[in-house]
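Per-entry structural report
Residue-level listing of the chains:
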Amino acid sequence: ARALLRNWVDTNVESEVVAAAERLGHKVIFTPPHYSDLQPIELARALLRNWVDTNVESEVVAAAERLGHKVIFTPPHYSDLQPIELARALLRN
């Protein structure tokens, strides 16, 4: 039953979805599989990541400083330098 359903979906669904999109005036373009850099969602994710890196971090830092906190950045990928790791080490001793 599963094989029959898969065969029907492969045969019918894509063409129906494409036809529906084209009826609404959209052009459907297929990107090559296994090339995630070419997928539109990856382009959107990169744009969003860039915006967050550019805007959000500075806003968070500004808000923390307005509250009287000092913001210190530690190097990424050095977990032993992260404040939570320092606190854990103090608690262990």
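Just so we're clear, the structure is a prediction, and the values are computed from it rather than from any experiment.

**With respect to the overall build of the protein**
Helix and strand counts for the protein stand at three helices and zero strands. Order of helices (α) and strands (β) in the protein, N terminus to C terminus: α-α-α. When the accessible surface of the protein is split by element, carbon and sulfur atoms take 61% of a total near 8,800 Å².

**Describing the pattern of salt bridges**
Evaluation of the coordinates by the stated rule reveals one salt bridge. Notably, a salt bridge pairs Glu42 with Arg45, separated by 2.8 Å at the nearest N-O pair. Of this pair, Glu42 and Arg45 both sit in helix H2 (residues 40-66), three residues apart, roughly one helical turn. According to the relative accessible area criterion, Glu42 is partly exposed, its value standing at 28%. On the basis of relative accessible area, Arg45 is assigned to the partly exposed category, the value being 39%.

**Points about a nonpolar patch on the surface**
Where nonpolar side chains cluster on the molecular surface, the patch consists of Leu48, Trp51, Val52, Val56 and Val60 and spans about 460 Å² of accessible area. With respect to the helices, strands and loops of the structure, Leu48 is situated in helix H2.

**A short note on the environment of Val56**
For Val56, the location among the structural elements is in helix H2. Residues Val56 and Val18, spaced 38 residues apart in sequence, show a C-alpha to C-alpha distance of 38 Å.

**Examining the confidence of the model for the protein**
For the protein, the mean per-residue pLDDT works out to 82, and 97% of the residues sit at or above 70. Within the protein, the element-level pLDDT minimum falls on helix H3 (residues 83-92), averaging 79, and the maximum on H2, averaging 85.

Here is what the cut-offs are and how they apply
- Residues numbered from 1 in each chain as written.
- Predicted model: local features only at pLDDT ≥ 70, side-chain atom pairs only at ≥ 80, totals over all residues.
- Heavy atoms only, no water.
- Helix = DSSP H or I, 4+ residues; strand = E, 2+ residues; numbered from the N terminus.
- Areas by Shrake-Rupley, 256 points an atom, 1.4 Å probe, with all protein chains shown as cover.
- Salt bridge = Lys/Arg side-chain N within 4 Å of Asp/Glu carboxyl O.
- Buried < 20%, exposed > 50% of the residue type's maximum accessible area, 1.4 Å probe, protein only.
- Patch = residues over 30% accessible without salt bridge, like charges linked within 9 Å, V, L, I, M, F, W, Y side chains within 5 Å.
- pLDDT = per-residue confidence, 0-100.

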